[in-house]
Amino acid sequence: MTAIASSTTALSGGTGAPADAVRPPRRWPHVAGVGVITSLYAALYSAYLLTLHATLKDGLADVGEYDQAISGYAHFMGPHSPFVGLTSTSSAGALQLSDHFTPLLALLAPGYWIYDGPQTMLIETAILAALPIIPLWIFTRRAVAARRAPWPATLAAYLVIIGYGVTWPIQMALWFEFHEVFLAMPVLAWMLERAQAGRLRQAALISLLLLGVKDDLGFVVAVFGVYLATKDVTLRRWGGLIVRTVRDWKAPFRALRSRDRLLFLAMVPLGLGMVALVNRVLLPAFGGSSDRNFTYNEFGANTGQAVGAMLGDPWRVWTTLFDDPLKLQTLGMLLWPVLFLAVLSPIGLLGVPLLVERFLSVNHLYWVMPYHYNAFLTPIVFCAGVDGAARLARWLTASHGFRHNEQMRLLTQATLLAAFGAYVGVYSWSTAFRYPMHHMTEAAFWDTSTPDIVSAKVAAAHVPSGVLVASATQVGPQLLHRDKVIMWSFPGDRDYPQTPWVLADVQRPSYPFASIAAQQADVQARVARGYKIVFQDDGWVVLHKG
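None of these values were measured; they are calculated from a predicted model.

1. Digging into the overall build of the protein
Along the protein, the regular secondary structure elements total 26 helices and 7 strands. Taking all 546 residues of the protein together, the buried fraction comes to 51%. For the protein, the proportion of contacts with a sequence separation of at least 24, taken over those separated by at least 6, is 70%. Carbon together with sulfur atoms contributes 66% to the accessible area of the protein, which is approximately 25100 Å² in total.

2. Details of the packing of helix H7 (residues 133–142) against helix H10 (residues 181–196)
It is the contact of H7 with H10, at a shortest axis distance of 8 Å, that shows an interaxial angle of 25°. Between H7 and H10, the angle is such that the two are roughly parallel. When you trace H7 past H10, the crossing you get is left-handed. Residues Ile134, Pro135, Ile138, Phe139 and Arg142 of H7 form the contact with H10, whose own contacting residues are Ala189, Trp190, Leu192, Glu193, Arg194 and Gln196. Along the lines of polarity and charge, the residues of the contact of H7 with H10 split into 7 nonpolar, 1 polar and 3 charged.

3. Quick notes on the environment of Phe76
For Phe76, the location among the structural elements is in the loop between helix H4 (60–74) and strand S1 (80–81). For the pair Phe76 and Ala109, spaced 33 residues apart in the sequence, the C-alpha separation amounts to 9.3 Å.

4. Quick word on the confidence of the model for the protein
The predicted model of the protein averages 90 in pLDDT, with 89% of residues at 70 or higher. Across the protein, helix H6 (residues 118–130) holds the top mean pLDDT of 98, while helix H1 (residues 2–12) sits lowest at 40. Of the regions scoring below 50 in pLDDT, residues 1–22 engages in 7 contacts with residues more than four places distant in sequence or in other chains.

5. Thoughts on a nonpolar patch on the surface
On the surface, a nonpolar cluster with roughly 410 Å² of combined accessible area is contributed by Trp151, Leu155, Met408 and Leu411. Put simply, the parts of the chain that give the nonpolar patch at least two residues each are helix H8 (151–164) and helix H23 (406–431). If you trace the backbone, Met408 turns up in helix H23.

Thresholds, definitions, all that
- Residues numbered from 1 in each chain as written.
- Predicted model: local features only at pLDDT ≥ 70, side-chain atom pairs only at ≥ 80, totals over all residues.
- Heavy atoms only, no water.
- Helix = DSSP H or I, 4+ residues; strand = E, 2+ residues; numbered from the N terminus.
- Buried < 20%, exposed > 50% of the residue type's maximum accessible area, 1.4 Å probe, protein only.
- Contact = heavy atoms within 4.5 Å.
- Areas by Shrake-Rupley, 256 points an atom, 1.4 Å probe, with all protein chains shown as cover.
- Axes fitted to C-alpha atoms, helices over the stretch in contact; angles between N-to-C directions.
- Parallel < 35°, antiparallel > 145°, perpendicular 65-115°, else oblique.
- Left-handed = near helix turned anticlockwise from the far one by under 90°.
- Nonpolar A, V, L, I, M, F, W, Y, C, P; charged D, E, K, R; others polar.
- pLDDT = per-residue confidence, 0-100.
- Patch = residues over 30% accessible without salt bridge, like charges linked within 9 Å, V, L, I, M, F, W, Y side chains within 5 Å.
- Salt bridge = Lys/Arg side-chain N within 4 Å of Asp/Glu carboxyl O.

Here you go:
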């Protein structure tokens, strides 16, 4: 028996420790389990998005912009988007990078080699929305014990991801169909999982991908750098460092040199510098405006004045953050899915810059629950909630009764985490009916044969393939796979050139027109300028001017 044990130890490269102490946990059952849940949510999201498209519930913003940009990447022609801007009928369109700096969109281009149309982008969106489930499961299961997690921790992981899949910010983002937030969510989840695993360099490298997703995510990279640099520092160690600094002023510099802290702290100027570079240099270089993201007119007429006013009057900044009930409602609803436990974790600080820049803005759309803006915070809030729950469990089991029974202590912590997971799952599913995806339970949601949908698609069929067309927003996505599409709008709205084809709607509201009367007046004005009506039915009008 000794020989057999020695041979086993030699073959495994071990040191003779008991097999139970070194054998890794079985993973395959959980690979299948997590894979099934992730796939089911991806399928659910795909069905939702594709049905929105088939029933004309999507629109040209932002589906048009990003579909055209990804198609440009797929054809190796650059991310041109006529929707973003078009100077002449022969132009390929403005660069999408002039609107938002999102070069990571190129990762979605291979799907367009299979089918060049918005349906491909919507399926890719569904996959991206589901991908954070995998690192979130790993993060939750590891929150109690890095190895040999008790079974309640595994249960907690499943409950958390089941709740995560229907949480309201994700539903709101999917209702908006596509936005760069779906590129950010898996990056945020994986970088937090890698940081929790102690793979700090990997976490730092993954976080740098955020710089290619959106103009302002450099703020998150900067805060994450501080988080990585101080992740292993307790209050006691901070106190010891202060004492050593009093005795030796070089002590802080020696502390910075250890454990890659300088490398991580370098992410602060890198992240902040990238925000400045993108907004002041790159967006204008690609044809956009340096004031594209400036919505802080309450503090000043430009970025410099606004920053100066904020630094000069911090109290005004603080009061502005909470001066509207909508802001407090949004903040509260972000924290309810995790029972507000995210505030117990330093991970929650990653979301602070995103909330601050939104709540200081004069644009009220940044404050509210609808749209996609809150989805940026979802991986952060859920990971912070799990970490906060684990911290609370550790505090509750720090008494003398658990000190001499490590197994019981871990089991109790895992059980408390499972209770938290049960709350997350029950809360998310019990409130899911309040948000857009609950319409999937209604037969009308799936109906593509209503008269207005049929007439819209008949009208779209009267527009030839390969032409430049100004289309009403609700039917425009139906043309993206075969035409150069811009938004049908009134003169002076977007400075588009006159297009040979127009697909208008004079019966239903169509953004950006202020009223149906304005839409009707625009069609009449085009007819007066020489456009011919090619098709007209149920309010849909196809016009052509040769």
